[in-house]
Amino acid sequence: MDLSVPVAVGARMGSGGVRNPTLVCAPLMADSVDQMLVDMVKAKSSGADLVEVRLDSLKSFTPHRDIETLIRKCPLPTLFTYRPTWEGGLYEGDEKSRLDALQLAMELGADYVDVELKVANEFSGFMQGKKPAKCKVIISSHNYQDTPSVEDLGNLVANIQAAGADIVKIATTAVDITDVARIFQITVHSQVRSVPIIGLVMGERGLMSRILCPKFGGYLTFGTLDSGIVSAPGQPAIHDLMNLYNFRQIGPDTKIFGIIGKPVSHSKSPILYNEAFKQFGFNGVYLHLLVDDVANFLQTYSSTDFAGFSCTIPHKEAALKCCDEADPVAKSIGAVNCMVRKSNDGKLFGCNTDYIGAITAIEEALRASGHANGTSGSPLAGKLFIVIGAGGAGKALAYGAKEKGARVVIANRTYDRARELAETIGGEAVSLADLNSFHPEDGMILANTTSIGMQPKVDETPISKQALRSYKLVFDAVYTPKITRLLREAEESGAIIVSGVEMFIGQAYEQFERFTGLPAPKELFRTIMSKY
């Protein structure tokens, strides 16, 4: 699907250091007017352009007095919403009282009011043509089940316009991340027709609709004051919009990068790359991309604007099959963790930087502890190297260890997968269940490449503490948390430990250079990751 931004939109929007015109609105869900007034000040200091006053969140509400107070004391423009339960809100009272309150907000000086499409005509009758010139009416439609077809969305925009909207608002739900493309398409089409539109997709799979709306011409996005306190599923915090995603600088020419995975929200990659983009003045943004089907995702977002992707569990092997070209190492490993879309022809090039970061970190740890072989070769040469996991990362480490002269054993829950990988690289295989009793020699190397022990399941470990006594060094690809149960117990058992953070930073160097053509800011990456 071509999601290129028309020149007409680009001419109106800033990039390269110029702030874009898309507004950031902070939804206020406090249960008292006093707390809302406190939150209004917080919203202003956080960088919001306006606040959404959710009247339906108030436990007690005296319309004239409270609305007048909220408008008079608010340091920012106000958007008043009084959402009923039938549209996903909290208000359970009668419709006349609700619409009366919205009309009152307009009369008392609100800058915007949000009216649901279902009652737009009724509200217009209430107003009797007396709408204050200052106030813009947002007519909204919320779909909590899915995202309709482009044709149905186009008809919905037309219906909202016909109902008298100054601004069209459509919020749908992402069943799959590819659903967001239809909202982008409608947003761009509406901009060409000079229709102000708020197009957002709810849920974690819809996150990029909230961050990329300036690129495609969205009127505003919502950012919460506190993480986790949202007025709709999937809203990012204002702090993240401004500081993590550099929201103000996103424009039509901004290149989109991201990490493809499932799960993916734990990844620190956006922190690393977005800060580096900012430092270099590189016009790009890097996102969490919760992807179910990698082939479908790449086919849908095939524009060169979607310029590159990191790839994590469980998509590394499937991603290789989607690449038009891949480097020989990635082909040998059978997995990629990095894909770059060529700007001239849109073809995807895949590579694997996983093994470089992990193997280098393991070698450096062995040398630093005096366990090198005393030669100029790799300290892994001749060592028995146990890899837990036969997925993309497991293949990468097995390949890397074999290249360094190690004797490789693959341990996996499914023995057949372990045997298949072992045969490919010339190693041995054991089932994960047998690993606790597998100790043919002391001084072995262990590398966990599975997600066992990753947040939130931090109490899990792939091997017993007692079995860890046979290992000289233990590496864990998991880096959230930095010290997993596996690493903690390995250290207590006397082993050298290497955190997944080392692999993460190492593989990121080459990815950054491939994404940007710029030298990797190695010190910056280490400084950032030292905080986690």
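Bear in mind the structure is a predicted one, so any value in this text is a computation, not a measurement.

Judged by how many residues are buried, strand β5 (residues 136-142) sits mostly within the fold: six of seven residues are covered. Pairing between strand β4 (residues 112-116) and β5: five bridges, direction parallel. Its bridge partner lying in β5, Val115 is registered against Ile139. Following the backbone out of β4, through helix α5 (residues 120-127) and into the adjacent parallel β5, one traces a crossover that is right-handed. Judged from the five bridges that link them, β5 and strand β6 (residues 167-173) form a sheet pairing that is parallel. Bridged to Ile138 within β6 is Ile167. Traced from β5 through helix α6 (residues 150-162) to β6, the parallel crossover comes out right-handed.

Sheet architecture is open: six strands sit in the order β10-β9-β11-β13-β14-β12, paired in mixed fashion. At either end of the open sheet lies a strand with only one pairing partner, and these are β10 (284-290) and β12 (325-326). The pairing of β12 with strand β14 (residues 348-351) spans two bridges and is parallel. The partner of Glu325 across the bridge, within β14, is Phe349. Packed on one face of the sheet, helix α11 (residues 269-280) meets β9 (255-261), β10 and β11 (306-311) and runs near 170 degrees to β10. Taken strand by strand, helix α19 (residues 500-516) contacts β9, β10, β11, β13 (338-341) and β14, and its axis lies near 10 degrees from that of β13.

Quick look at the confidence of the model for the chain now. For the chain, per-residue confidence averages 93 on the pLDDT scale, and 96% of positions sit at 70 or higher. Segment residues 5-16: pLDDT under 50, and 29 contacts once partners within four positions in sequence are set aside and those in other chains are kept.

Turning to helix α15 (residues 354-368), a few remarks are in order. Taking 1.5 Å per residue as the helical rise, α15 with its 15 residues ought to reach 21 Å, and the 22 Å between its terminal C-alpha atoms agrees with that figure. When α15 is considered as a whole, its buried residues turn out to be Asp354, Tyr355, Gly357, Ala358, Ile359, Ala361, Ile362, Glu363, Ala365 and Leu366. Looking at the residues trailing α15, positive phi occurs at Gly370, about 80 degrees.

Further remarks concern the packing of aromatic side chains. Pairs of aromatic rings are described using the distance from one ring centre to the other and the angle between the two planes. All told, the structure shown has 21 aromatic pairs when counted by the stated rule. When the ring of Tyr273 is compared with that of Tyr286, the centres are 4.5 Å apart and the planes differ by 15 degrees; the resulting orientation is stacked. Of the two residues, Tyr273 sits in helix α11 while Tyr286 sits in strand β10, which places them 13 residues apart along the sequence. On the basis of relative accessible area, Tyr273 is assigned to the buried category, the value being 1%. Taken together, the ring pairs in this structure connect Phe257, Tyr273, Phe277, Phe280, Phe282, Tyr286, Tyr509, Phe512, Phe515 and Phe525 into an aromatic cluster.

Geometrically, the link from Ile313 to Pro314 is a cis peptide bond, its omega value of 5 degrees lying close to zero. With respect to the helices, strands and loops of the structure, Pro314 is situated in the loop between β11 and α13 (316-322). Here the bond from Thr480 into Pro481 is cis, since omega is 10 degrees, no more than 30 degrees from zero. On the secondary structure map, Pro481 appears in the loop between β19 (471-476) and α18 (485-492). Phi is positive for Ser194, close to 60 degrees, though the residue is something other than glycine. Within the secondary structure, Ser194 is located in the loop between α7 (180-192) and β7 (197-202). Its identity is not glycine, yet Asn246 carries a phi of approximately 50 degrees, on the positive side. Structurally, Asn246 is set in the loop between α10 (238-244) and β9.

Burial of β9 is extensive: six of the seven residues sit out of reach of the surface. Bridge count for β9 against β10 is seven bridges, and the pairing is parallel. Bridged to Gly261 within β10 is Leu290. Remark: the β9/α11/β10 crossover connection has right-handed handedness. Looking at chain direction, β9 and β11 are connected through five bridges and run parallel. Considered in β11, the bridge of Phe257 is made with Gly308.

Criteria and thresholds
Residues numbered from 1 in each chain as written. Predicted model: local features only at pLDDT ≥ 70, side-chain atom pairs only at ≥ 80, totals over all residues. Heavy atoms only, no water. Buried < 20%, exposed > 50% of the residue type's maximum accessible area, 1.4 Å probe, protein only. Helix = DSSP H or I, 4+ residues; strand = E, 2+ residues; numbered from the N terminus. Pairing = 2+ DSSP bridges. Right-handed = clockwise from strand over helix to strand, strands pointing away. Contact = heavy atoms within 4.5 Å. Axes fitted to C-alpha atoms, helices over the stretch in contact; angles between N-to-C directions. pLDDT = per-residue confidence, 0-100. Expected span 1.5 Å × (residues − 1). Phe/Tyr/Trp six-rings, centres within 6.5 Å; stacked < 30°, edge-to-face > 60°.

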